[in-house]
Each structure stands twice: as structure tokens, then as C-alpha cells.
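Structural overview
Here is how the chains run, residue by residue.
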Protein chains: 2
Amino acid sequence: MKSLDISEYMTQLGTRARAASRAIARADDTAKSGALRAIARGLQANRDALIAANAIDLARARDNGLEPAMLDRLKLDDKALSRMIEGLTQIAGMPDPIGEITEVKIRPNGMRVGRMRVPLGVIGIIYESRPNVTIDAAALCLKSGNATILRGGSEAIESNVALGAVIRAGLEEAGLPSDAIQVIETTDRAAVGALVTATEYVDVIVPRGGKRLIARLTEEARVPLIKHLDGNCHVYVDSAADLAQAHTIALNAKTYRFGICGAMETLLVHQSVVTDFLPKLAAELRAREVELRGCERTRALLPDAAVATQEDWFTEYAAPVLAIKVVDSLDEAIDHIEYYGSHHTDSIVTDSVTHARRFQREVDSASVLVNLPTCFADGFEYGLGAEIGISTNKLHARGPVGLEGLTTLKWVLDGEGQQRG
Amino acid sequence: MKSLDISEYMTQLGTRARAASRAIARADDTAKSGALRAIARGLQANRDALIAANAIDLARARDNGLEPAMLDRLKLDDKALSRMIEGLTQIAGMPDPIGEITEVKIRPNGMRVGRMRVPLGVIGIIYESRPNVTIDAAALCLKSGNATILRGGSEAIESNVALGAVIRAGLEEAGLPSDAIQVIETTDRAAVGALVTATEYVDVIVPRGGKRLIARLTEEARVPLIKHLDGNCHVYVDSAADLAQAHTIALNAKTYRFGICGAMETLLVHQSVVTDFLPKLAAELRAREVELRGCERTRALLPDAAVATQEDWFTEYAAPVLAIKVVDSLDEAIDHIEYYGSHHTDSIVTDSVTHARRFQREVDSASVLVNLPTCFADGFEYGLGAEIGISTNKLHARGPVGLEGLTTLKWVLDGEGQQRG
């Protein structure tokens with residue numbers, strides 16, 4: 001398409017999404033969950049066709065020399081389809097967040113002031129290769145009463161268009177407008193630029209992808225983003241820590257999975273416990289092939305550790321690397337986290353109520369943990385049922401974002417003709 | 001100052017605000033309210049000096065030919081000071097929103113997941129001539145545990161610098177860092193550009209001012225804005241309306257004050273009641289010198305009314321002008337509001353529960369009212385105690401924004417060494 005056509009195409013998509021958003025906003029849960037179950041049945045009935053569409057993407061990706069890890073993410077097999085079907089069924093079964101009225105107060109003049117939970121409107125999702133996001137994100141947006149515009153990676157275009165057709169059929173089967181979930185069917189990158197600046201049609205963008213994508217979108221976007229930037233997470237082993245617990249926690253935080261955003265990247269250890277604690281942990285980490293980089297006092301205990309530079313304290317490795325720093329106080333630990341951290345997820349290991357409370361109150365991160373590994377940072381673990389992502393924004397949704405993060409509260413007032421003034 | 005100096009000055013201000021924000025975030029309410037009361041005493045003790053500083057601003061403004069209405073807004077007299085003192089005392093007495101932990105749930109593995117209300121961090125306030133905003137906004141930000149950077153209009157610079165000195169003294173008296181509330185002491189407009197792009201130091205900007213200011217800031221800003229754009233508010237008189245109530249409500253909605261953002265700008269009337277309802281209301285509005293503009297069917301009943309154009313339906317007059325449209329159904333009323341409205345505050349007058357519920361659910365505005373005039377759109381009327389402004393954003397704070405809108409929720413998790421996986 002030419003860029004003029006792209007602009008027109010996106011305007012059409014946006015106009016249709018805005019119109020559909022009104023129908024979805026007032027749809028009851030029978031219709032919304034009915035559509036999710038119909039989509040699940042559609043995936044089941046079209047397994048072969050979907051895998052065939054994905055095979056075209058995979059073949060082209062191989063021709064283009066895509067890395068094995070990327071091919072793996074792109075792949076849509078029977079197992080992946082089953083997980084998507086399971087996800088749909090699970091989201092269908094969750095309570096409908098929409099319409100609830102809370103905090104109703106009666107004012108002195110008798111009028112009632114409350115807040116109603118309502119959808120955001122139209123949500124744009126921009127993501128990379130995994131085609132399962134097409135289903136997972138669409139399901140969460142639909143359940144929360146929003147219309148959705150999906151923009152997947154160009155390498156997954158055939159898969160996403162095929163999934164889009166199944167989604168449309170499911171919406172129609174449930175009597176909902178098929179425009180409620182639209183897949184952008186062009187791989188032109190201009191479509192992304194159009195989507196993130198379409199303040200008239202799109203209420204919020206949820207980008208899912210690597211740091212480079214997010215940084216680029218942050219630069220371009222005029223529509224607000226619910227975004228996730230860095231996950232430079234810390235565990236601080238306090239002077240009052242139970243060292244056996246600290247060992248378990250630090251090990252789990254680093255090695256549960258190296259690539260997740262909740263993985264510990266810097267370990268802070270109070271000087272009073274470092275001799276008893278660190279060598280044993282370091283041996284265990286090394287046995288798991290984790291590279292260690294430390295401050296001077298760390299290296300006095302672990303001579304083989306590399307020197308940690310300023311840059312290390314700022315880095316989210318997302319890899320088997322750990323920076324270690326010895327600190328003299330809780331204050332120094334908090335200062336370090338505030339200065340170098342990314343305000344994502346940070347944890348203290350301590351048996352002191354006072355230290356735990358101070359840490360939890362003063363560390364300005366989306367999640368602040370006591371005696372738990374940072375790798376728990378996840379919507380399912382928090383009991384949200386499902387998550388659309390993790391937000392490092394401070395406004396609106398902070399931390400793991402479930403259905404509630406895709407909604408907002410409006411004021412509802414009821415009276416009997418009261419007048420002001 | 002040169003622009004390089006401005007940039008350096010703003011970086012200094014930002015760095016100091018960020019540092020102070022940590023102290024304010026952990027300050028207890030005794031300190032925060034103590035500071036507010038100390039500032040109130042400071043205003044009381046410095047009445048003459050403050051009025052003298054304001055006199056310099058007023059003299060310069062007169063020399064510059066500022067309009068009488070603007071001069072009036074700029075003026076700081078004993079009455080205005082008393083109102084500021086009263087506001088401070090009132091905000092000091094409100095409950096501290098910070099630190100409350102809610103929604104605590106125990107997960108199957110025994111860990112406890114809850115949410116703690118915390119400050120946003122550093123809030124920038126950009127406003128126009130009224131110097132009372134310096135005190136009112138600073139007080140709300142301080143009470144909610146935030147550091148603040150205040151940028152008032154250049155015409156009020158002497159007043160604002162004088163108020164800033166009183167604020168600093170009050171903070172120090174209460175043992176809080178004086179950098180918690182800083183007044184920008186240059187009138188260079190480059191400071192505004194620096195402030196709204198300082199994502200490193202500023203968490204949110206609350207602009208207070210006319211549409212032109214807000215539009216300009218929206219264009220420039222990289223820091224999120226809690227902003228208020230248009231107030232194109234509607235009252236819809238339904239087929240099932242109590243017409244006496246409808247009369248009172250429409251009259252109050254239009255004439256309580258023409259200039260407020262909650263004033264009714266378009267009246268929608270169901271065709272089945274228009275003959276009984278409209279002529280009487282029109283007579284009353286005309287008696288109050290309200291200019292009427294109507295659709296064809298309106299003009300059939302009110303031949304003297306001007307023709308309402310497409311543009312009228314989109315317009316926030318903020319003046320004694322009213323657009324009137326006759327509609328055939330609740331659906332047409334909702335469609336009109338969704339298409340032409342600004343999603344600020346809209347009201348239905350009806351005795352039908354079904355119509356009331358549909359209107360309240362389907363009209364996508366920050367406040368949706370039943371049997372009440374739109375002019376109630378105000379934080380005090382809603383019981384917020386005080387408001388920093390009214391937001392037409394959908395994310396985070398929507399509608400009147402009180403202390404809660406200046407806070408956010410972080411996740412707090414407590415465990416005993418549970419592991420993931």
C-alpha cells in the first residue's frame with residue numbers, strides 16, 4: 001500500500017473500532033464470554049488451516065535467515081493452539097469487571113455519588129513475533145469491554161490474518177460486531193506510526209516487545225502507552241535476614257528464569273552478614289554457570305568475580321550474569337535501588353519488621369517484596385488470572401496489568417433535581 | 001537567563017525535587033499537616049509583604065494593558081489571603097491518603113499480595129495568573145506526599161516568589177525539606193518546555209489554564225499530563241422526564257455560572273415532550289439573556305432562535321449561549337453526545353429506571369448524571385474535599401481530581417521464602 005492508502009486504511013480501522021467499542025462496552029458477559037468460547041471452538045475446528053498459515057510464515061522466516069530462537073517464538077503448533085484455547089476458556093470464566101458501581105456516598109443534599117467501572121474504549125496492541133499474543137491480548141481486551149486493534153510482527157502476518165478470521169467468526173457467532181477485534185492486515189511499518197498517533201480513535205496502546213520497540217514507540221506515540229521498560233530488579237539481604245531463607249530467595253530470584261523481567265540483576269548484601277552468606281551462594285550460582293561481577297568488598301570475598309562498573313548497576317542483563325554489592329546499611333541499599341533501579345520489582349530479605357516496613361514504604365517500585373524472590377513479578381502469581389503485561393508507568397496501571405488495568409472509573413451521580421448554588 | 005542557563009536551572013530544580021520527594025513520601029501526616037498549618041501562619045504573618053509584592057505585579061500588568069478581568073484574577077487582597085489560609089487548614093485536616101494497604105489476598109502458596117497507596121513522586125503545576133493556585137496546588141501535592149514544582153504566569157512572578165518564600169519557611173518549620181515545594185523564579189518560557197519534557201525528574205504535570213495553554217502543552221509534553229480539555233456538557237430531557245424537574249435542572253445547568261466547565265452547552269429534548277417543555281424554559285432563559293440556537297424542530301417552536309450549525313454542536317460556549325436539539329429517541333441523544341460531546345459531564349432527566357441505567361452505562365463521559373444539573377461537576381460537590389482540577393483523560397484520574405488522583409498504588413508482597421517454579 002502507498003502511505004496515503006495506509007493512512008486511509010488506518011482511519012477506516014479506527015472508525016470501525018470506535019463504533020464497535022460502543023457495542024462491546026454495553027455487551028453483557030454472556031455475549032462477551034460466549035464470543036471467547038466461540039473463538040476457542042473456532043481454533044479447535046481450524047487447527048490444520050492455522051498451522052498451514054503459520055507454515056508459510058515459518059518458511060519465509062527461514063528463507064530470511066531468522067534466528068532459531070525467533071523461529072521458535074513464531075511457531076504455532078498443536079500445543080500452542082491448545083494453550084490458546086485453554087487461555088480463552090479461562091478468561092471467559094473470569095468475573096466481568098464492567099459495570100460494578102463502588103464507593104457510593106450520599107452527599108448532604110441527598111444526591112448519590114459513586115464510581116462505575118467501564119472499559120477504556122479502543123486498545124491498540126503492538127507486538128512482535130509470537131502469534132499467541134493475537135488471541136491472549138484480544139481475549140483480555142474483549143472481556144474488559146474494549147475494542148481492539150492488533151498489530152503483530154510482519155514475520156507472523158499469515159498466522160495473524162488466519163487467527164483474525166477465526167476471531168471475527170467467533171464474534172459474529174456471539175452476536176457481537178466483528179470490528180470489535182481487528183487485525184492490521186498490512187506489514188507496512190507506517191501502520192504502527194499511524195496507530196500510536198491516532199488519538200481520535202485509540203485510547204491506549206499496550207506494546208509488547210523488546211526495549212528497542214518500546215523506546216521507539218515512546219518517542220513516536222501521542223496515544224498513552226501502558227508500557228514496560230526495564231526490569232533491573234534487586235534483592236537486598238538485610239543485617240536481620242534469615243540467611244538460609246536469603247540463600248533460597250536469591251538463588252530462585254536469579255535462576256528461576258534468566259530472561260524474565262522479574263529476574264534479579266543486582267544482589268545487595270549487608271556487610272554484617274556478607275561473610276556468612278555470600279561465598280556459599282556464589283558457589284551455588286557458579287555451579288549454575290552464572291557470571292558474577294562485584295564491588296571491591298565482594299571481590300575481597302570472591303576473588304574470581306569480575307569488577308562491576310557503574311554500567312553494571314544500571315543493567316538489566318536478562319542473562320546468567322549477576323552484579324553484587326556490599327552495603328553498610330538499609331539506607332544505602334534503598335539509595336542504590338532508587339538511583340540505579342528501574343522501579344520494577346525489588347525485594348528485601350529480613351526478619352526485622354521495622355526494616356521490612358521501611359523498605360516497602362520507601363522503595364518506589366511497582367512491586368516491593370519482603371522475603372520473596374523478585375521472579376514472582378507476574379499477573380498469574382499475583383492472582384490476576386491473566387495479564388496483558390507489566391507496567392513500569394506510575395499513572396493508571398502499575399506492575400502486572402490484568403483486566404482491571406484495561407478499565408477505568410467514571411463518576412455516576414443520581415439525584416432528584418437538586419440544584420447547585 | 002540564557003537558554004543554557006535555563007536548562008541547567010531546571011536540572012537543578014528537578015534534582016532537588018526528586019531528592020525531596022523521597023523525604024516527603026515517607027513523612028508522616030503530623031509533619032505534612034504541620035507544614036500546611038505553618039504555611040497558613042506564615043501567610044497570616046506576612047499579609048502586608050505579600051500584598052506589597054502583588055502590588056508590583058498589578059502595577060506592571062496595568063502598564064502592560066492587561067484586561068480588567070485578568071487584573072482581577074491576579075489580585076491578592078486580604079480576602080484572597082484569608083481564603084488561602086482557610087484552604088490550607090482544611091487540607092491539613094483531611095485524612096492522609098498515603099500508606100494505606102488494601103485488597104490484601106493470600107495466594108495458595110501462602111504469600112500475601114496487597115496494594116499500598118503511595119505518592120506519584122514529583123508533580124509539576126503549570127498555571128496562569130491566579131496566585132492562589134500557588135498555595136492550593138502546593139497544599140494538595142504536599143498532603144498527598146509529593147514534591148512540587150510550580151510554574152505560574154509571568155504576570156504573577158513577584159507574588160509567586162513571595163508566596164514561595166512563605167512556603168519554604170513553613171516546610172522548614174515542620175522539619176521537612178524546603179525543596180519539596182519549589183517556585184520557578186524565572187519568567188522565561190523555555191522553563192515550561194524544560195519542565196514538560198523532564199521525564200527524569202517529573203512524574204506528572206497538572207496544567208491549569210485555558211484551552212490554548214493545554215493544547216500547547218499536550219503537543220510539547222513528554223511527561224504525562226492530568227489535563228482538562230473541553231467541557232461541552234449536555235442535558236437530555238427524556239420522554240419519561242418529570243418536566244418540572246427538567247425545567248429546574250436545565251435552568252440551573254445553564255445559568256448557575258456561564259463560565260464553568262460543567263455549564264450545559266447543548267440541550268437535547270425528546271420530541272414527545274418538547275412542546276410542553278421547551279417554550280416555557282426558553283422564556284425563562286431569554287429573561288436571563290441567554291441566546292438560543294436551535295435545530296429546525298426547535299425553531300418551529302421558538303421562531304426567534306438562531307439556526308444552530310454543525311459547529312454549534314461541537315462548541316463549549318462558556319457564555320450565555322445555548323444550542324438546542326430535538327431528538328426522536330434515547331439512542332439519538334446518546335449518539336449525539338458521543339459524536340459531538342467532549343466526554344466531560346452529561347446528564348439525563350428521566351423517571352425511567354431503564355433509560356437512566358442505559359444512559360449512565362453508555363454515555364462515555366467522566367461524569368454521567370441522572371436528574372441533576374451538569375454544573376455539579378466539581379470536586380467539592382462530589383465530596384473530595386478539594387480538587388486539583390478536572391481531568392478529561394481516561395487513564396488514571398477521570399473527572400474531578402482530589403488527593404487520590406495525586407497518588408498511585410504499588411504492589412506489596414509479603415512471604416516467608418516461598419519459591420517460584
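Residues numbered from 1 in each chain as written. Chains lettered and ligands numbered in written order. Predicted model: local features only at pLDDT ≥ 70, side-chain atom pairs only at ≥ 80, totals over all residues. Heavy atoms only, no water.

1. Examining the side chain of S342 of chain A
Residue and element names in this part refer to chain A. So the rule is basically this: Helix and strand labels come from DSSP, where a helix needs a run of H or I of at least four residues and a strand needs a run of E of at least two; each type is numbered from the N terminus. Note on exposure labels: buried denotes an accessible area under 20% of the residue type's maximum, exposed denotes more than 50%, and partly exposed covers the range between, all computed with a 1.4 Å probe on protein chains only. Should any heavy atoms of two residues lie within 4.5 Å, those residues are considered in contact.
Residue placement: S342 occurs in the loop between helix 14 (330-340) and strand 12 (345-349). Here S342 falls in the buried class, since its relative accessible area comes to 14%. Apart from the residues within four sequence positions on either side, S342 is in contact with D230, G231, N232 and T392.

2. Some points on the pattern of salt bridges
In a structure, side chains of opposite charge can pair up when their charged atoms sit close to one another. Residues and elements named next belong to chain A. Stated formally: A pairing counts as a salt bridge when a side-chain nitrogen of Lys or Arg comes within 4 Å of a carboxyl oxygen of Asp or Glu.
This structure, assessed with the given rule, holds 54 salt bridges over all chains. Taking the shortest distance from any N to any O, the salt bridge between K211 and D230 comes out at 2.7 Å. Remark: D230 occurs in the loop between helix 9 (211-220) and strand 7 (233-237) and K211 occurs in helix 9; sequence separation between them is 19 residues. Given a relative accessible area of 22%, D230 falls into the partly exposed group. Its salt-bridge partner being E284, residue R288 comes within 3.8 Å of it at the nearest N-O pair. By relative accessible area, R288 is classed as partly exposed at 41%. The exposure class of E284 is partly exposed, given its relative accessible area of 29%.

3. Things to note about the pairing of strand 7 of chain A
Residue and element names in this part refer to chain A. Heads up, the condition is: If DSSP finds at least two bridges between two strands, the strands pair. Crossover handedness is defined here as right-handed if the route from the first strand over the helix to the second strand goes clockwise, with the strands pointing away from the viewer.
Counting buried positions along strand 7 yields 5 of 5 residues, so the element is predominantly enclosed. Burial along strand 7 is two-sided: the residues C233, V235 and V237 and H234 and Y236 are all buried. By the bridge criterion, 5 bridges tie strand 7 to strand 8 (residues 264-270) in an arrangement that is parallel. Paired with C233 across the strands is M264, a residue of strand 8. Each parallel crossover has a hand, and the one from strand 7 via helix 10 (residues 243-255) to strand 8 is right-handed. Of the pairings in the sheet, the one linking strand 7 to strand 12 comprises 4 bridges and is parallel in character.

4. Concerning the packing of helix 3 (residues 47-63) of chain A against helix 7 (residues 157-173) of chain A
All names here are of chain A. Put simply, the rule reads: For helices, the fitted axis covers only the stretch in contact; all axes are lines through C-alpha atoms, and the angles between them, taken along N-to-C directions, range from 0 to 180 degrees. Angles are sorted into four bins: roughly parallel if under 35 degrees, roughly antiparallel if over 145, roughly perpendicular if 65 to 115, and oblique for all others. Left-handed describes a crossing whose near helix is turned anticlockwise from the far helix through less than a right angle; right-handed describes the clockwise counterpart. Three classes are used, and their members are as follows: Ala, Val, Leu, Ile, Met, Phe, Trp, Tyr, Cys and Pro are nonpolar, Asp, Glu, Lys and Arg are charged, and the others, Gly among them, are polar.
Helix 7 packs onto helix 3 with a crossing angle of 160 degrees between their chain directions and a minimal axis gap of 7 Å. Taken as axis vectors, helix 3 and helix 7 run roughly antiparallel relative to one another. As helix 3 runs across helix 7, the sense of the crossing is right-handed. Contacts between helix 3 and helix 7 involve L50, A53, N54, I56, D57 and R60 from the former and I157, E158, S159, A162, L163 and V166 from the latter. Class assignment of the residues belonging to the contact of helix 3 with helix 7 gives a composition of 7 nonpolar, 2 polar and 3 charged.

5. Points about the environment of L13 of chain A
Assignment of secondary structure puts L13 of chain A in helix 1 (residues 3-26). Not counting residues within four places of it along the chain, the set of residues in contact with L13 of chain A comprises I149, Q182 and I184 of chain A.

6. Observations concerning the interface of chain A and chain B
To be explicit about the condition: Note: buried area is the sum, over both parts, of the accessible area (probe 1.4 Å) each one loses when the two are combined.
At the junction of the two partners, chain A supplies 78 residues and chain B supplies 78 residues. Together chain A and chain B conceal approximately 6300 Å² of surface at their shared face, both sides included; 49% is due to carbon and sulfur atoms. Per-residue buried area on chain A facing chain B is highest for R361, W411 and R420 of chain A; these three make up 15% of the total on that side. At the boundary of chain A with chain B, the tally comes to 14 salt bridges. Here E404 of chain A makes a salt bridge to R115 of chain B, at a shortest N to O gap of 3.2 Å. Of the residues forming the side of chain A that touches chain B, the biggest block, 7 residues, is contributed by strand 16 (residues 407-414) of chain A. Its residues placed into classes, the side of chain A that touches chain B shows 33 nonpolar, 20 polar and 25 charged. Taken together, the 4 bridges between strand 16 of chain A and strand 13 (residues 367-370) of chain B define a ladder with parallel strand orientation.

7. A word on the packing of aromatic side chains
Residue and element names in this part refer to chain A. Put simply, the rule reads: Two rings belonging to Phe, Tyr or Trp (six-membered ring only in the last case) form a pair when the distance between their centres is within 6.5 Å. Interplanar angles under 30 degrees mark stacking, angles over 60 mark edge-to-face geometry, and anything in between is tilted.
Across all of its chains, the model carries 10 aromatic pairs over all chains by this definition. Where F314 meets Y339, the ring centres are 5.9 Å apart and the plane angle is 45 degrees; that geometry is what we call tilted. Residue F314 is located in helix 13 (residues 310-314), and its partner Y339 is located in helix 14; the two are separated by 25 residues in the primary sequence. Judged by its relative accessible area of 55%, Y339 is exposed.

8. Quick word on the domain arrangement of chain A
Inclusion rule: Reported domain spans reflect what an automatic or database domain assignment gives.
Parsing chain A into structural domains produces domain 1 (3-226 + 401-413) and domain 2 (233-376). Distance from the C-alpha centre of domain 1 of chain A to the C-alpha centre of domain 2 of chain A: 37 Å.

9. Thoughts on the sheet that holds strand 5 (residues 181-183) of chain B
Residue and element names in this part refer to chain B. The strand order across the open sheet formed by 4 strands is 5-4-3-6, and the pairing between neighbours is parallel. In the strand order of this sheet, the two ends are held by strand 5 and strand 6 (204-208), each with one partner. Sheet twist, expressed as the average angle between the axes of neighbouring strands with direction ignored, equals 20 degrees. The strands touched by helix 6 (residues 132-143) are strand 3 (122-127), strand 4 (147-151), strand 5 and strand 6; relative to strand 3, the strand with the most contacts, the crossing angle is about 160 degrees.

10. Some words on the side chain of S21 of chain B
Residues and elements named next belong to chain B. Counting through the fold element by element, S21 comes out in helix 1 (residues 3-26). Judged by its relative accessible area of 7%, S21 is buried. In this structure S21 touches G121, V122, G145 and A147, once residues within four positions along its chain are discounted.

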